[in-house]
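# Structural overview for review
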Amino acid sequence: MERGDTIAAIATGMTDSGIGIVRISGREAAAVGDRLFRSPSGKRILDRAESHRMYYGFVVDLEKDFVIDEAMAVLMKEPRSFTGEDTVEIQCHGGVLVMRKVLEAALQCGARMAEPGEFTKRAFLNGRMDLSRAEAVMDVIGAQNEYALGASVGQLKGKLSGEVKRLREEILYEVAFIESAIDDPEHFDLEGYGEKLSEKLDQVMGDLRKLIDTADDGRLMKEGIRTVIVGKPNVGKSSFLNRLLGEERAIVTDVAGTTRDVLQETLRLGDISLNVVDTAGIRETEDTVEKIGVKKAYEYAREAELIVYVADASMELDENDREIVSFIGDKNVIVLLNKSDLANVVTEEDIKELFRNSENTSNEESLNVEYRNKLAASMEDDREKIGFHIVRTSVLEGEGMEAFERTVKEMFFHGEITSSNEIVITNLRHKEALEEAYGSLEMVEKSIEDGLSEDFYSIDLMNAYASLGRIIGEEVDDDLVEEIFSKFCMGK
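Residues numbered from 1 in each chain as written. Predicted model: local features only at pLDDT ≥ 70, side-chain atom pairs only at ≥ 80, totals over all residues. Heavy atoms only, no water.

### Examining the overall build of the protein chain
Condition: Numbering of helices and strands starts at the N terminus; helices are DSSP runs of H or I of at least 4 residues and strands are runs of E of at least 2. Burial classification: accessible surface area is computed with a 1.4 Å probe over protein chains only, and a residue below 20% of its type maximum counts as buried, one above 50% as exposed, and the rest as partly exposed. The contact criterion used throughout is that any non-hydrogen atoms of two residues lie within 4.5 Å. Per-residue and other accessible areas follow the Shrake-Rupley method at a 1.4 Å probe size, with only the shown protein chains counted as cover for residues.
Counting secondary structure elements, the protein chain contains 18 helices and 13 strands. Within the protein chain, buried positions represent 50% of all 492 residues. When contacts within the protein chain are restricted to residue pairs at least 6 apart in sequence, those whose partners lie at least 24 apart make up 68%. If you sum the accessible surface of the protein chain, you get close to 23900 Å²; carbon and sulfur atoms cover 47% of it.

So, in structure tokens, the structure goes:
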């Protein structure tokens, strides 16, 4: 990034809206803005404008000599801007054509088109935010539920980076003490130091473990739970999806086998997200198209994190149900005993017995022995030993939906889900760095147990220090920085 490089991009969505923003940043931002923006009397004003003050005027096309739009403009002088550089923002009307014309005018006046994420990258390189906070910017933009938004805002405010910096300081203090003691043994005593260091490591590793343990919850908050709905034809799978969505997305008829392909939707279930796939009804069939749909159902179920097995409580279980259960394997399963508004012939005990008696094999593949043993040992408490839960529903009447939501939270999230106070790891890169740091500290503990000299401690302590530094960008190479910001949206 060259010092004199000035960039511009549309910072709002490329769709018609009330207001659109074109952002310009760099050493010549004020000069570029001054060339394209005029006061109502036609004067150039931005080059000498007061910082952080909004001005009313017009955006002009210098080449064609006509007014593009009526607008507001603000100059934010370095370092008090998002990027840490001089920044101009033009707030124009939000039509797609208008925003493009304003951007073209900025490019004509000396700016160049910004790359994806370049504004945020400049904020990072100019020290306005660390790397974890920069990554949180896109997490905030992409948040699909309240928990994901809360976790992302917490990281944007610096909760994670603050904790990482604290842990690094704890580690660095021990390294400094060891180095000082080695260089000046007369003033620094290492007698019994291994025991003291071990106590400190227990505390630091405990804090690291707490962060690592939030990563699974954090990923589910951020990305949503991969959910596949399976069952025989006409048991209410598509009706269940429509009930979750609150609209008639899937076709529902009395004709068995209506759904032949998969339907995929992302939806909010309360304050969490589900990435739902509704599949074709699973049954023996000679219909070529329906066979393909059944095969796809198996394929999606294999990759699912949650399988919702819908069973018709008003109809006897049959061989198709046994086939479905045999394929489910060691997945997290919620069994919906649907149509509870009708006379029921299937009970919760029938479902438990179906799982117990399953040979746990399928036409597609053999399932693991460990899960088969779980099934065999599950005579008393299926919830705890198998992982499947049974919820009675009447999708037609809307009954059981709250119980379904509650069950999902119980199955996937550890304790009460919070969106404000706790630090939650939502980024795989952060999790890997934390695990590497934890592993390095385990090596220090082993060195203490083996009675190795203190200089061995320093090597692994510094490895842990460096691993944590990668989270906030203090130990990171240029290629990784480029990769991270290349995933950002244009204008951010």
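Here the narrative resumes, following the displayed structure.
### Some words on helix H15 (residues 401–412)
Helical geometry: 3.6 residues make up each α-helical turn, so side chains three or four residues apart lie on a common side. Convention followed: Each residue after the first adds 1.5 Å to the expected span of a helix. Directions pointing from the helix axis toward each C-beta atom define the arc.
For H15, which comprises 12 residues, the first-to-last C-alpha distance of 17 Å matches the rise-based estimate of 16 Å (1.5 Å per residue) to within 8%. For H15, the set of buried residues is Met401, Phe404, Thr407, Val408, Met411 and Phe412. Angularly, the buried residues of H15 cover 115° about the axis, an arc narrow enough to put them on a single face.

### Focus: the confidence of the model for the protein chain
Regions with low pLDDT should not have their predicted coordinates read in detail. Just so we agree on the cut-off: One number per residue, pLDDT, summarises how confident the predictor is, and it ranges from 0 to 100.
When pLDDT is averaged along the protein chain, the result is 83; 85% of the residues meet or exceed 70. Contacts from residues 250–260, a stretch scored under 50 in pLDDT, to residues over four places away or in other chains number 31 contacts. Across residues 360–386, where pLDDT falls below 50, the model places 45 contacts with residues more than four positions away in sequence or in other chains.

### Some points on the packing of aromatic side chains
Spelled out, the test is: A pair of Phe, Tyr and Trp rings is counted when the ring centres sit within 6.5 Å of each other, with Trp represented by its six-membered ring. The angle between the planes then sorts it: under 30 degrees is stacked, over 60 is edge-to-face, the rest tilted. Only when the NZ of Lys or the CZ of Arg is both within 6 Å of the ring centre and within 35 degrees of the ring normal is a charge said to sit over the ring.
According to the stated counting rule, one finds 5 aromatic pairs in the structure shown. Put simply, the rings of Phe124, Phe485 and Phe488 pair up and form one aromatic cluster. Positioned above the aromatic ring of Tyr465 is the side chain of Arg168, whose terminal nitrogen or guanidinium carbon lies 3.7 Å from the ring centre. One Lys or Arg, Arg209, reaches over the ring of Tyr438 and ends 4.7 Å from the middle of that ring.

### A look at a nonpolar patch on the surface
Here is the rule: Grouping into patches uses exposed residues only, defined as over 30% relative accessible area, and leaves out salt-bridged ones; the cut-off is 9 Å for like charges and 5 Å for nonpolar side chains (Val, Leu, Ile, Met, Phe, Trp, Tyr). Salt bridge criterion: a side-chain nitrogen from Lys or Arg within 4 Å of a carboxyl oxygen from Asp or Glu.
On the surface, Met54, Tyr56 and Met72 cluster together into a nonpolar patch covering about 250 Å² of accessible area. When you line up the elements, Tyr56 lands in strand S4 (residues 54–61).

### Points about unusual backbone geometry
The step from Glu78 to Pro79 runs through a cis peptide bond, and the omega angle for that step is 0°. Assignment of secondary structure puts Pro79 in the loop between strand S5 (66–76) and strand S6 (87–94). The residue His52 is not glycine, and still its phi comes out positive at about 65°. Since its relative accessible area comes to 37%, His52 is described here as partly exposed. Backbone geometry places Asn234, a non-glycine residue, at a positive phi of 65°. Note that Asn234 resides in the loop between strand S8 (225–231) and helix H9 (237–245).

### Here's the deal with the environment of Thr12
Definition in use: Residues adjacent in sequence count toward polar contacts only when both atoms are side-chain atoms; beyond that, a polar contact is any pair of N or O atoms within 3.5 Å, and within protein one must be able to donate a hydrogen and the other to accept it.
Checked against the element boundaries, Thr12 lands in the loop between strand S1 (7–10) and strand S2 (17–25). Among the residues examined, Thr12 registers a relative accessible area of 27% and is labelled partly exposed. If we ignore the near neighbours within four places in the chain, the residues touching Thr12 are Ile19, Gly20, Ile21 and Met99. Among the polar contacts listed, one links the side chain of Thr12 to the backbone nitrogen of Ile21, at a separation of 3.1 Å.

### Let's talk about the environment of Glu28
Within the secondary structure layout, Glu28 lies in the loop between S2 and helix H1 (29–36). As a C-alpha pair, Glu28 and Val88 span 60 residues in sequence and 9.8 Å in three-dimensional space.

### What about the pairing of strand S10 (residues 272–278)?
Stated formally: Two strands qualify as a pair provided that DSSP identifies no fewer than 2 bridges between them.
With 6 of 7 residues buried, S10 is to be regarded as a mostly interior element. Bridging between S8 and S10 involves 5 bridges; their strand directions are parallel. Within S10, the position partnered with Ile225 by the bridge is Leu274. Summarising the sheet, strand S9 (residues 263–269) and S10 pair through 7 bridges and their orientation is antiparallel. Across the sheet, the residue bridging to Leu269 is Ile272, located in S10.

### Let's talk about helix H6 (residues 159–183)
Helix length check: H6, at 25 residues, gives a terminal C-alpha distance of 36 Å against a target of 36 Å (1.5 Å per residue), a fit within 8%. Among the residues making up H6, those that are buried are Leu160, Ser161, Glu163, Val164, Leu167, Arg168, Glu170, Ile171, Glu174, Val175, Ile178 and Ala181.

### As for the sheet that holds S6
Across a sheet, strands are paired by hydrogen bonds formed along the backbone, either parallel or antiparallel in direction. The test is simple: The angle between two axes is taken between their N-to-C directions and runs from 0 to 180 degrees, where each axis is a line fitted to C-alpha atoms and a helix contributes only its stretch in contact.
Strand order across the open sheet formed by 7 strands is S3-S4-S5-S6-S2-S1-S7, with mixed pairing between neighbours. Two strands lie at the open edges of the sheet, namely strand S3 (37–38) and strand S7 (112–113), each paired on one side alone. Contacts from helix H2 (residues 96–108) reach S1, S2, S4, S5, S6 and S7 within the one sheet, and its direction differs from that of S6 by about 150°.

### Observations regarding the environment of Leu220
Here Leu220 is to be found in helix H8 (residues 215–223). Judged by its relative accessible area of 6%, Leu220 is buried. Residues Leu220 and Phe413, spaced 193 residues apart in sequence, show a C-alpha to C-alpha distance of 8.5 Å. Every residue in contact with Leu220, bar those within four places of it in the chain, is listed here: Ile225, Glu305, Phe412 and Phe413.

### Here we look at the sheet that holds S9
Within the open sheet, the 6 strands sit side by side as S9-S10-S8-S11-S12-S13. Their pairing is mixed. Each having just a single partner strand, S9 and strand S13 (388–392) make up the two edges of the open sheet. For this sheet the average axis-to-axis angle between neighbouring strands, irrespective of direction, equals 25°. Summarising the sheet, strand S11 (residues 306–312) and strand S12 (residues 332–338) pair through 7 bridges and their orientation is parallel. In the strand pairing of S12, Ala311 is matched with Leu337.

### Brief notes about the pattern of salt bridges
In this structure the tally under the stated criterion is 29 salt bridges. Between Glu50 and Arg53 there is a salt bridge, with the nearest N and O atoms lying 3.6 Å from each other. By relative accessible area, which is 45% here, Arg53 ends up partly exposed. Between Asp312 and Lys339 there is a salt bridge, with its nearest N and O atoms 3.2 Å apart. Of this pair, Asp312 sits in strand S11 while Lys339 sits in the loop between S12 and helix H12 (348–357); the two residues are 27 residues apart in sequence, bridging distant segments of the chain. A single network of salt bridges, built from pairs that share partners, joins Asp5, Glu85, Arg112, Glu118 and Arg122.

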